[in-house]
Amino acid sequence: MTQPLVPFSQFVIKVHSRCDLACDHCYVYEHADTSWRGRPRAVSERVLDQAARRIGEHALAHRLPAVHVVLHGGEPLLAGPALLRRAAESLRAALPADCLLDLRIHTNGVRLDRAFCELFAELGIKVGISLDGDRAANDRHRRFADGRSSHPQVLAAVELLRTPEFRQLYAGLLCTIDVANDPLEVLDALLELAPPRIDFLLPHATWDVPPNRPATLGEHPYADWLLTIHQRWLQLGRPVPVRTFESIHRTLRGGSSLTESLGLDPADLVVIETDGTFEQADSLKTAYDGAPATGFDIFANTLDEVARHPGMMARQSGLAGLSEACRACPVVRSCGGGLYAHRWRTGAGFDNPSVFCGDLMRLITTIRDRIATAVPAAAPAPVPARLTDGQLDQLARGHGDAATLATLAAGQLDLTRRLLAAVGPAAGEAWQLLTELDDQAPHAVDAVLAHPYVRAWAVRCLRTEQDGPRADLGGLAEIAAAALIRAGYAAELPVPVPVRGGAVQLPTLGRVLVGGAGQAVVRAGADGFAVRAPGGAEQLIGFDQPGGERWLPVRRLSLAGGWSVALEDTDPQRDSHQWPVEQRLTEEALAGWTGALREAWELTLRDLPGYAVGIAAGLTTITPLRPGPAGQQVSAAARQAFGAVGIARPATAPILALLIAHEFQHVKLGAVLDFHDLYDPADQRRYHAPWRADPRPLEGLLQGTYAHLAVTDFWGTRVAAYDGVGGEAAEFARGQLALWRGHTDRAIDTLLDSGSLTALGERFAAGMRATVAPWPAAPLEAESEAEAEAETEVAAPARQGAWTTAPVAST
């Protein structure tokens, strides 16, 4: 059978083929391959543009949701800022609109300065640094050609990345192992620099040129070195992700690896050299001269052709591509035969175990035993995800890119976990199962805990009698059952169903109608799950099974630009918004919502792109609401339900686009306020909000002002759309722009004049003003303003679909 083609999603672009250091362990210049001698020093603009085109056409052909590109060398900073800018801009221009670009640069750090960091911040390029530990450790290999230490320059580069201005660029540290260095001193030196991630790399070696193994350090010095660090890492509570350890932990539990050097996942990486030739993984340069070559280049060949190269196919064939000894090994699914280059032996090729085979066996089995016997200790409270200055500035302007929304979401997930920790221990077996799943399948638990209404349920469990009725703890069993199903583990979990209307709710999945009362039992499997009702009847539900009379799945829409959003009409906790929710949508109502959302989203992508990127990254759930009294348009956000908005579907798609953008502003700002002080909470005064008759607390005014940034921008785009076109609709749009621009501008004045904003709050308010300022400053006279407001509430339904500000609790 023909081996299927595995598309590339990782690309290394060599932007310079020389280096300003003379590291004696470098595989490019010091090992078997000598191809660097005949290559151009710097990549040309022509090569960069064609490489970008090839990557773009590959992403389009295979519908890749994201590509990961590393600008590399040699030392890539030698290419200079102009070429690095050209690389970034060419890639972004060539990729499809719905394909995300994760762009990074890996450098020795010697030349990294403020100018480069400012460029990388502008272009969204993250920076990885090579560093082998403290000065003594780093100076063993990473020196200038004249013998000088590079350590002071590298530390200066890392310190620059650690500043608040550039912290978002800091991708992590890469450390090549030398067993002559003290492992704990190396770890301490790296942790002192607070990296987001650490990679420990085995030195490149083959059976022809084995790694250094000092006799005094025992039979498996590389395993022992890493295991010493692993033990300290566990004792410290895993203070930073370490790719090697995380990959072993994941693969031992059946998950995927995070690195090509472990596990059986197919390799999906290709290298583009400075002359435009395609090469296999750089590490192959350690095997023999010419080992990475493919004979292909970006001008004559497509990436699909490269993916069918025998060398590429060999690295994508999983277990079948390993030697007989590896296939029989008990840890093969975690080890994966080790790095492909490390298997080389003259005469036998790559059909061998890794030259580090014994070390890998000891490393993996020891970690396996530590995981199996470890007694979970109380983990330190996670540090809340805090936004960088740059991310806060994005949000202040009303926007926020995918990385910013990911930071907000991480903070909200942390809050949800803390709430569950306060609720869970009283739930007995369900809590025990959930904690076990969190250790074995954290991705499945996170997927459920990120559901907006899980946090709403936890908050209701912690209510006092004065706050209202408390939720029952049966919800935790349903959360655990959903995580169990997502993890695909075969186990049984009793799920209590009293006071749940005879149904079992599975957050993120749907609702199963079982009837009666008592307990149902959920069983999970690889292809679906089963629910046994209190009376004994069992329903088998496949993951691809459509809804029916007793199974009501959550219905998700996949829209352009990578936005996947659920229409949540099953979860009982969705009544977190102050307006009544719709019941299960009929097929006709679902079709209406689907069409309206597609049209509204197309408008948002076209006219409000600054808002669209954040919506696609952070808005996971829309809860249909019932229309307000007398057909009043209603919409709402809930502070305890990050990622969700409630909306009664309006008559037109443009107004639906407006409501989504408006309400998601509340969602974002609520998440910001959970971790950043923008105002003095001791201020109990009430302030005039131009869009409301009743005065508002300061937070309410701030929330409303922030939401109306989107409203102002929306009407600005409507005015632009009618540019040169007369008529009633154009006049209406111009009146709305003037109205909401004036409202928002005056509200910002009130916030700044309150004297209660923090320094960060004042900066945030200035950012809001910068968004409003470009729109025409044509404040209406009081009489005209009243007329515009009246027309909004009375005449608009006949023209545009009603737009009236729903009284959101936080507004």
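Given the structure is predicted, the values throughout are model-derived calculations rather than measurements.

Thresholds applied
- Here the residue numbering is sequential within each chain, running from 1 through the sequence in written order.
- Since the coordinates come from a predicted model, pLDDT governs what is reported: local features require at least 70, and pairs of side-chain atoms require 80 or more to be given and counted, while whole-chain, interface and lining totals use all residues.
- The basis for the side-chain values is all heavy atoms of the structure; hydrogens and waters are excluded.
- Secondary structure elements are defined from DSSP: runs of H or I of at least 4 residues count as helices, runs of E of at least 2 residues count as strands, and each element is numbered from the N terminus.
- When we talk radius of gyration, it's over C-alpha atoms, and the globule rule is simply 2.2 Å times the number of residues to the 0.38.
- Residue burial is assigned from relative accessible area. The probe radius is 1.4 Å, only protein chains are included, and a residue is buried under 20% of its type maximum, exposed over 50%, and partly exposed in between.
- For Phe, Tyr and Trp, where Trp contributes only its six-membered ring, two rings pair if their centres lie within 6.5 Å, and the inter-plane angle classes them as stacked under 30 degrees, edge-to-face over 60, or tilted in between.
- A positively charged side chain is recorded as over a ring if its NZ (Lys) or CZ (Arg) lies within 6 Å of the ring centre. The angle to the ring normal must also be within 35 degrees.
- The rule for pairing is simple: two strands pair if DSSP sees at least two bridges between them.
- Axes, fitted as lines to C-alpha atoms, cover a helix only where it is in contact. Angles between the N-to-C directions of the axes lie from 0 to 180 degrees.
- Looking at any residue, its pLDDT shows the predictor's confidence there, from 0 to 100.
- In this analysis, two residues are considered to be in contact whenever any of their non-hydrogen atoms come within 4.5 Å of each other.
- Here is the rule for angles: anything less than 35 degrees is roughly parallel, anything more than 145 is roughly antiparallel, 65 through 115 is roughly perpendicular, and the remaining ranges are oblique.
- Three residue categories are used. Nonpolar comprises Ala, Val, Leu, Ile, Met, Phe, Trp, Tyr, Cys and Pro, charged comprises Asp, Glu, Lys and Arg, and polar comprises the others, including Gly.

Here's the deal with the overall build of the chain
- Along the chain, the regular secondary structure elements total 27 helices and 23 strands.
- Relative to the 2.2 N^0.38 estimate, which gives 28 Å for 811 residues, the radius of gyration of the chain is 29 Å and therefore close to what a compact globule would have.
- Projected onto its principal axes, the C-alpha coordinates of the chain cover approximately 85 × 65 × 55 Å.
- Put simply, the chain has 811 residues, and 54% of those count as buried.

Re unusual backbone geometry
- For the bond running from Gly73 to Gly74, omega is 20°, close enough to zero to count as cis.
- Phi at Ala194 is positive, roughly 45°, even though this residue is not glycine.
- Within the secondary structure, Ala194 is located in the loop between α6 (183–191) and β6 (198–201).
- Given a relative accessible area of 29%, Ala194 falls into the partly exposed group.
- For Thr508, which is not a glycine, the phi torsion comes out positive at approximately 80°.

Looking at the packing of aromatic side chains
- Applying the stated criterion to the full structure yields 14 aromatic pairs.
- An angle of 40° between the planes, with centres 4.6 Å apart, marks the rings of Tyr288 and Trp344 as tilted. Of the two residues, Tyr288 sits in the loop between β8 (277–279) and β9 (293–297) while Trp344 sits in the loop between α12 (332–335) and α13 (357–373), which places them 56 residues apart along the sequence.
- The exposure class of Tyr288 is partly exposed, given its relative accessible area of 32%.
- Taking the relative accessible area as the measure of exposure, Trp344 reaches 13% and is therefore buried.
- Taking 4.3 Å as the distance between ring centres and 20° as the angle between the ring planes, the aromatic pair formed by Tyr340 and Phe350 counts as stacked. Linking Tyr340 in the loop between α12 and α13 with Phe350 in the loop between α12 and α13, this pair joins segments that are 10 residues apart in sequence.
- By relative accessible area, Tyr340 is classed as buried at 13%.
- Among the aromatic residues, ring-to-ring pairing joins Tyr288, Tyr340, Trp344 and Phe350 into one connected group.
- Sitting over the face of the ring of Phe299, Arg46 holds its NZ or CZ atom 4.0 Å from the ring centroid.

Looking at the sheet that holds β6
- As summarised here, the arrangement of the 9 strands in space is β6-β5-β4-β3-β2-β1-β7-β8-β9, forming an open sheet in which the pairing is mixed. Looking along the sheet, the strands with just one partner apiece sit at the ends: β6 and β9. When strand polarity is set aside, the average angle formed by the axes of neighbouring strands in this sheet is 25°.
- In terms of strand pairing, strand β5 (residues 170–176) meets β6 through 4 bridges, oriented parallel. Looking at β6, one finds that Leu173 is bridged to Ile198.

Topic: the confidence of the model for the chain
- The predicted model of the chain averages 86 in pLDDT, with 90% of residues at 70 or higher.
- Scored below 50 in pLDDT, residues 778–811 shows 80 contacts in the model against residues more than four places distant or in partner chains.

A closer look at the packing of helix α20 (residues 587–607) against helix α22 (residues 653–673)
- Viewed as axis vectors pointing N to C, α20 and α22 meet at an angle of 70°, and their least axial separation amounts to 8 Å. Considered as vectors, α20 and α22 are oriented roughly perpendicular to each other. Along its contact with α20, which presents Trp593, Ala596, Leu597, Glu599, Ala600, Leu603 and Thr604, the element α22 presents Ala653, Pro654, Leu656, Ala657 and Ile660.
- Tallied by class, the residues present in the contact of α20 with α22 amount to 10 nonpolar, 1 polar and 1 charged.

Focus: the sheet that holds strand β16 (residues 551–553)
- Sheet architecture is open: 3 strands sit in the order β11-β12-β16, paired in antiparallel fashion. On the outer flanks of this sheet lie β11 (503–506) and β16, each paired with one strand and no other. Ignoring strand direction, the axes of neighbouring strands in this sheet form an average angle of 10°.
- The pairing of β11 with strand β12 (residues 510–513) spans 4 bridges and is classified as antiparallel. Pairing of Ala503 across the sheet is with Leu513, part of β12.

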